[in-house]
Amino acid sequence: MPQARLAVVSYVIVGMIGVLLIGFWKLQVIDSDKYSQWAERNRVRSIPVIAPRGRMLDRDGRVLVDNYPSFSVLLLRDDPALVAKNLPAIAEGLGLAINDLTDQLDNARNLPKFQPIIIKPEATKGDVAFIESHRSDIPLLEMLMVHRRRYIAGGFMSHASGYVGEVSEQQIEASDGKFRPGDFAGKSGLEHQYNDLLQGTDGMRRVIVNSVGKEVDRLPTQEAIPGKQIQLTIDYDLQQVAEQSLGPRDGAVVALDPRTGEVLAMVSHPAPDPNDFAVRITGKQWKQLNEDPGKPLLNRAIQAQLAPGSVFKIIMATAMLEDKIPPENFTTFCPGYATFYGRQFKCWVYWSKTGVRSHGTVDLRRAIEQSCDIFFYNVGMRLGIDRISYYAKSLGLGRRTGVDLPSEEPGLIPSEEWVQRVYHRKWYAGETISVAIGQGAVTVTPIQMARVIGGIAMGGIFKQPHLLKDAPNVGEERFQISEPTIQKVTDGMYGVVNEGGTAAKLKLAGIEFSGKSGTAQVINYDVRTRLGKAGEFKDNSWFVGYAPRRTPEIVVSVIVQGGGHGSEAAGPVVRDVIKAYYDKKNKKSDGQFTADQNQPDLTEPPPAVIQPAAALKQQGEILEQPAPAEADQRPQ
Amino acid sequence: MKDAPGTRDYDWWLIAILMAICTLGVIEIYSATHGSALAGMHNKQIRWLAVGFVLMFVLSRLDYHLILDQAWILYLIGVVALIAVLLVGHTRFGAKRWIPFLGEFLQVSEMAKLIIIIWLARFFAEVRTDELSLQDLMKAGLLIAVPLGLILKQPDLGTALVLVPVLVVGAFLAGLQWKHAAVIALIGLLLLPVGLHFLKPYQKERITSFLHPEGDPKGAGYQLLQSKIAVGSGGFWGKGFGNGSQNQLGYIPVRYSDFIMSAWAEEQGFKGVLLALGLYMALLLRLVQNAQRAKDRAGMFLVMGVAAALGFHVLVNVAMVIGAMPVTGIPLPLMSYGGSATLFVFLAIGLVMNVRLRRFVN
């Protein structure tokens, strides 16, 4: 019997070795790839090498948005026990709240452990000293060179340029693995629109570490690919004039070249300074910006949807002349008010400071120059809402211009169909009267007004506004407008400035400056008087001007919110920009202008920036990447 | 016993297998330690192996019947030594397992294993019936329980567990009855929760972390995971001598000792594992063959006791390396670095040799 049982033991031995071999086969052959990856993750610690974002240049090549180098503190999390042990010391050494640190670790707990997290985005001299002196006893901290965005101070052009920030969770999800938490990306404006161009590809510095996290060797560094620089159509000189001319008032300026659609200047005030969020914005600051009643984050140039007021009369005049309803020689007598459908409507002249309460008998030319409401009430009544709506929409209102900026608003052109759809009611004929002078439900954005007025003056050619210079496939719309119509409408707008019209004071010697003012009521004047709150509901001041009178080179649309009369608040801003445009043009043709004469100031050192010498030396190979060119511009 | 056996009678195949395995061990100990603070460990291992070889030959000359005659005395010495180690033993790594011996520390429980093998061989040899009676089985079990309990007390769960297969294989060969086996298995299963209750916290932790490795990334679960990564990343062909990152960078825990198979598998791949496990299989089958040819029951039980102990070591250690069993601290015979464990194996093989040398003698 023992012999038989010994044979059994032999089989058991063979079976046991066989089972063990199957176990090895599974690990070493079937799942080998998986474990090889894990071994590689163990072995290699990757520290990102952040690619600098591309700069933004103005049309003359001047730097408008730049980068500066800065250092972030990275926490290596491979060893949770070691992290937990050293956390209090790290918090104290870097001057961080321990709760903040644990929160950051919590947020990152779903990330792979080998991926370090940024615990302090902007290292101070003290931080660097702390990290250097504790390299051996706290082997968890690394310095990461990053490129921070630098914008021209004070919110200059900040709505157009936009700003960058840490990517949101939605962005990470939508990016298909391109973004990781803590990455920076454009959040608004051009930074967002052209993020793919501006953002480079981060590189990777790879080191071999042993099981206690000590660096034992280095692997070849994967270089960062810097983002592409983009040239804008913005003219720094004009932008500067526009910013200064609008000044502290709420409003917007859009200057276009209607021949090409190039945006020469885009201003929206109030403007936040994006340098403030270039590092990290706290939730509180962000909440404040969002809840500020002045709406500093709104790009009024493309997002403010406001009644255009009398500027709309140009669309009315075009519709009237094209449809011949009423015929072009139509005249009306303006007594300062008129009654339509049983309700009295007043002409602005009724409240004018001169005391004259009437425009007398007006024809189209005079109605444009004097902005006579009574004339256009009559035109509107005769045209009807559907014809008005047709022309307004055909000329580009009520829809986005397609400017290359995110979140543009479409404005609104009311129609019978619209009230039926939205309010489920019939259109009241009386509403047409308000629409005829750009009030009522009509809303437009400043960029739409620049495009539409410029396009009419161009003879019905509407170029898609854009900020990227040499942009491919710039859209173009053509709307058939007869030559006599264009002639009469542009003559009218020439008269507004040059022939005793509402903006006669804006006249510029030697320049065929034309345009149309608008004074848009925020609420009905009668209601306002009743409420006795004239100051709170001051009229929005519009002016859209261009030069020369036909085939203009520049069209400028300005709104000054609560600015009062169009030609008094908005008009001078338009005039300043157009004058600056011609001054520069003349200088250029005389050979006097060079872009160097007026360089953007990007030199102001952002707060708390240091360039730690030790860290620079330590990460020497990172710094060999193309350094941002601001070194040349800084005073040495 | 009358005339001394000649050198031709030694199992040279067994010795060749033994030396081959030892060579693999020394190579891997060198690879695992040469670049670290432990450099030179392979030389120490070679010294232990040399001592082991000498002891093996010495022990093989001494007739095993003489040894078996003293089984009860050896048993008592063993128990006393185990008690002594608990009282005056040297504590290392949190366990009281060592007593100083010739300038080194010896692990008493390793020697106790040997004594138990001898004692059980004598016990079962004296059972002359074809079927093992329940009474004898209980007697064997109880007498094993004493040293087993003392070893558990040190604590050294791994070594304590090795006694179990020695008993089981012995009983099986002595004619264990199926019904008894079934009843004992059932009782064992029922007592398992009670046994778990007596485990030390670190032992429980090893078992829980084996069952849920993700809950304990840095403890025993981490060790098993790192071992699996090392083995798996080795692939079929291995990363080459001295090139295993898991091994060289220290991710494999005690890579020169308990987890040496992990380091070997990483650097030599599946082909290396095939070689190593092939050698172990040859070793064990060679032992069984020696048992078959043993002159008497006592010799057969002696050899199979050794086979059971070594087989259990290989199974538990290698299964741990591939993450199929919890960490128990059982070294891989002849490959793992370690003085006491190496001496135990050589002395055990010395007993086997002893039996073989006397197979024709009467």
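Residues numbered from 1 in each chain as written. Chains lettered and ligands numbered in written order. Predicted model: local features only at pLDDT ≥ 70, side-chain atom pairs only at ≥ 80, totals over all residues.

Visitor: Please give an account of the overall build of chain B that cites residues and values.
Guide: Scanning chain B from terminus to terminus reveals 14 helices and 3 strands. Residues counted as buried form 52% of the 362 residues belonging to chain B. Sequence-distant contacts in chain B: of pairs separated by 6 or more residues, those separated by 24 or more amount to 72%. (Helix = DSSP H or I, 4+ residues; strand = E, 2+ residues; numbered from the N terminus. Buried ≥ 20, exposed ≤ 12 C-beta atoms within 10 Å, placed from the backbone. Contact = placed C-beta atoms within 7 Å.)

Visitor: Any details on the overall build of chain A? Residues and values, ideally.
Guide: Counting secondary structure elements, chain A contains 25 helices and 21 strands. Residue burial in chain A is summarised as follows: out of 636 residues, 45% are buried. For chain A, the share of sequence-separated contacts (at least 6 apart) that also reach a separation of at least 24 residues comes to 74%.

Visitor: Which residues make up the confidence of the model for chain B, and what values do they have?
Guide: Residue and element names in this part refer to chain B. Put simply, chain B has an average pLDDT of 86, and 92% of its residues get 70 or more. Looking at the elements of chain B, mean pLDDT is at its lowest for helix H9 (residues 201-211), recorded as 69, and at its highest for helix H12 (residues 260-292), recorded as 94. We note a pTM of 0.65 for the whole complex and an ipTM of 0.92 for its interfaces. (pLDDT = per-residue confidence, 0-100.)

Visitor: Give me the lowdown on helix H5 (residues 108-126) of chain B, citing residues and values where you can.
Guide: With 19 residues, H5 of chain B extends 27 Å from end C-alpha to end C-alpha; this agrees with the ideal 27 Å at 1.5 Å per step. The element H5 of chain B is extensively covered by neighbouring structure, given that 17 of its 19 residues are classed as buried. (Expected span 1.5 Å × (residues − 1).)

Visitor: Mind laying out the environment of Leu332 of chain B, listing which residues take part and the relevant values?
Guide: As for its placement among the helices and strands, Leu332 of chain B is situated in the loop between helix H13 (297-321) and helix H14 (339-357). Ignoring sequence-local partners within four residues, the contact set of Leu332 of chain B consists of Ile260, Met261, His313, Val314, Asn317 and Val318 of chain B.

Visitor: Give me the lowdown on the sheet that holds strand S8 (residues 203-209) of chain A, citing residues and values where you can.
Guide: Residues and elements named next belong to chain A. Spatially, 3 strands are ordered S1-S8-S9 in an open sheet, and the strand pairing comes out antiparallel. Unpaired on one side and paired on the other, strand S1 (44-49) and strand S9 (215-218) mark the two borders of the sheet. On average, each strand axis in the sheet is inclined to that of its neighbour by 35°, with strand direction left out of account. Here S8 pairs with S9 via 3 bridges, running antiparallel. Within S9, the position partnered with Val209 by the bridge is Glu215. (Pairing = 2+ DSSP bridges. Axes fitted to C-alpha atoms, helices over the stretch in contact; angles between N-to-C directions.)

Visitor: Give me the lowdown on the environment of Phe236 of chain B, citing residues and values where you can.
Guide: Relative to the helices and strands, Phe236 of chain B resides in the loop between helix H10 (220-234) and helix H11 (245-248). For Phe236 of chain B, a count of 15 C-beta atoms within 10 Å gives the class partly exposed. Residue contacts for Phe236 of chain B: discarding those within four places in its chain leaves Gln28 and Val29 of chain A together with Gly269, Phe270 and Lys271 of chain B.

Visitor: If you had to explain the packing of helix H7 (residues 157-173) of chain B against H13 of chain B to someone new, which residues and values would you point to?
Guide: Residue and element names in this part refer to chain B. Interaxial distance between H7 and H13 falls to 8 Å at its minimum, and their mutual angle equals 140°. It follows from the interaxial angle that H7 and H13 lie oblique. The hand of the H7/H13 crossing is right-handed. Every residue of H13 that contacts H7 at Val162, Pro165, Val166, Val169, Gly170 and Leu173 is listed here: Phe301, Met304, Gly305, Ala308, Ala309, Phe312 and His313. A per-class count over the contact of H7 with H13 returns 10 nonpolar, 3 polar and no charged. (Parallel < 35°, antiparallel > 145°, perpendicular 65-115°, else oblique. Left-handed = near helix turned anticlockwise from the far one by under 90°. Nonpolar A, V, L, I, M, F, W, Y, C, P; charged D, E, K, R; others polar.)

Visitor: Help me get a handle on the nonpolar core, residues and values and all.
Guide: All names here are of chain B. Judged by nonpolar contacts, the single largest core of 125 residues is most densely connected at Ile117, Leu120, Leu302, Val303, Val306 and Ala348. Of all the elements, H13 adds the most residues to this core, at 18 residues. With sequence-adjacent residues up to four places away left out, Leu302 is seen in contact with Tyr64, Ile117, Ile118, Ala121, Leu351 and Val355. (Core = buried A, V, L, I, M, F, W, Y, C linked by C-beta atoms within 7 Å.)

Visitor: I'd like a rundown of the interface of chain A and chain B, residues and numbers included.
Guide: Facing the 33 residues of chain A at the interface are 39 residues of chain B. A per-element tally of the side of chain A that touches chain B places helix H1 (residues 2-30) of chain A first, with 18 residues. Residue composition of the side of chain A that touches chain B, grouped by class: 20 nonpolar, 9 polar and 4 charged.

Visitor: An account of the environment of Thr490 of chain A is needed here, citing residue identities and associated values.
Guide: Residue and element names in this part refer to chain A. One can find Thr490 in helix H20 (residues 483-498). Accessibility expressed as a C-beta count within 10 Å gives 25 for Thr490, which makes it buried. Distance in space between the C-alpha atoms of Thr490 and Met458 is 9.7 Å, their sequence separation being 32 residues. Sequence-distant contacts of Thr490, that is, excluding residues within four places in its chain, are made with Ala457, Ser514, Arg549 and Arg550.

Visitor: Can you explain the pairing of strand S21 (residues 554-560) of chain A? Please cite residues and give values.
Guide: Residues and elements named next belong to chain A. Most of S21 sits inside the fold, with 7 of its 7 residues counted as buried. Here S21 shows two buried faces, one formed by Ile554, Val556, Val558 and Val560 and the other by Val555, Ser557 and Ile559. Note that strand S11 (residues 251-257) and S21 share 6 bridges and pair antiparallel. Paired with Leu256 across the strands is Val555, a residue of S21. Both strand S20 (residues 540-547) and S21 contribute to a ladder of 7 bridges, which runs antiparallel.

Visitor: Go over the sheet that holds S20 of chain A, please, and point to the residues and values.
Guide: Residue and element names in this part refer to chain A. Spatially, S12-S11-S21-S20-S19 is the arrangement adopted by the 5 strands of the open sheet, whose pairing is antiparallel. Looking at strand neighbours, the two that pair on one side only are strand S12 (262-269) and strand S19 (514-520), the edges of this open sheet. When the angles between neighbouring strand axes are averaged without regard to direction, this sheet yields 5°. Both S19 and S20 contribute to a ladder of 7 bridges, which runs antiparallel. Counterpart to Ser517 in the pairing with S20 is Phe543.

Visitor: Outline H7 of chain B, supporting the account with residue identities and numerical values.
Guide: All names here are of chain B. With 17 residues, H7 should reach 24 Å at 1.5 Å per residue; the first-to-last C-alpha distance of 25 Å fits that figure. Within H7, 14 of the 17 residues are buried, leaving the element largely enclosed by the surrounding structure. Note on H7: the residue one or two positions beyond its end, Gly175, has a positive phi of about 100°.

Visitor: I'd like to hear about the packing of H13 of chain B against H14 of chain B, residue by residue, with values.
Guide: Residues and elements named next belong to chain B. One way to put it is that H13 packs onto H14 with a least axis distance of 9 Å and a crossing angle of 150°. Classified by the angle between their axes, H13 and H14 sit roughly antiparallel to one another. Pair H13 / H14 crosses with left-handed handedness. For the pair H13 and H14, the contacting residues are Gly299, Leu302, Val303, Val306, Ala309 and Leu310 in the first and Val345, Ala348, Leu351, Val352 and Val355 in the second. Of the residues assigned to the contact of H13 with H14, the class counts are 10 nonpolar, 1 polar and no charged.

Visitor: Describe the pairing of strand S5 (residues 141-151) of chain A, and please don't skip the residues or the numbers.
Guide: Residues and elements named next belong to chain A. Among the 11 residues of S5, 11 are classified as buried, and the element is accordingly described as predominantly covered. In S5, alternate side chains face the same way, and those of Leu141, Met143, Met145, His147, Arg149 and Tyr151 on one face and Glu142, Leu144, Val146, Arg148 and Arg150 on the other are all buried. The pairing of strand S3 (residues 63-75) with S5 spans 11 bridges and is classified as antiparallel. Its bridge partner being in S5, Leu74 is matched across the sheet by Glu142.

Visitor: An account of unusual backbone geometry is requested, with residue identities and associated values reported.
Guide: All names here are of chain A. A cis amide bond links Ile325 with the next residue in sequence, Pro326, at an omega value of -15°. With respect to the element layout, Pro326 can be found in the loop between helix H13 (313-323) and strand S13 (332-334). Even without being glycine, Tyr341 reaches a positive phi, approximately 50°. Counting through the fold element by element, Tyr341 comes out in the loop between strand S14 (337-340) and strand S15 (343-346). Judged by the 12 C-beta atoms lying within 10 Å of it, Tyr341 is exposed. The phi dihedral of Asp470 falls on the positive side, at around 55°, and the residue is not glycine. Its place among the elements puts Asp470 in the loop between strand S17 (461-463) and strand S18 (476-478).

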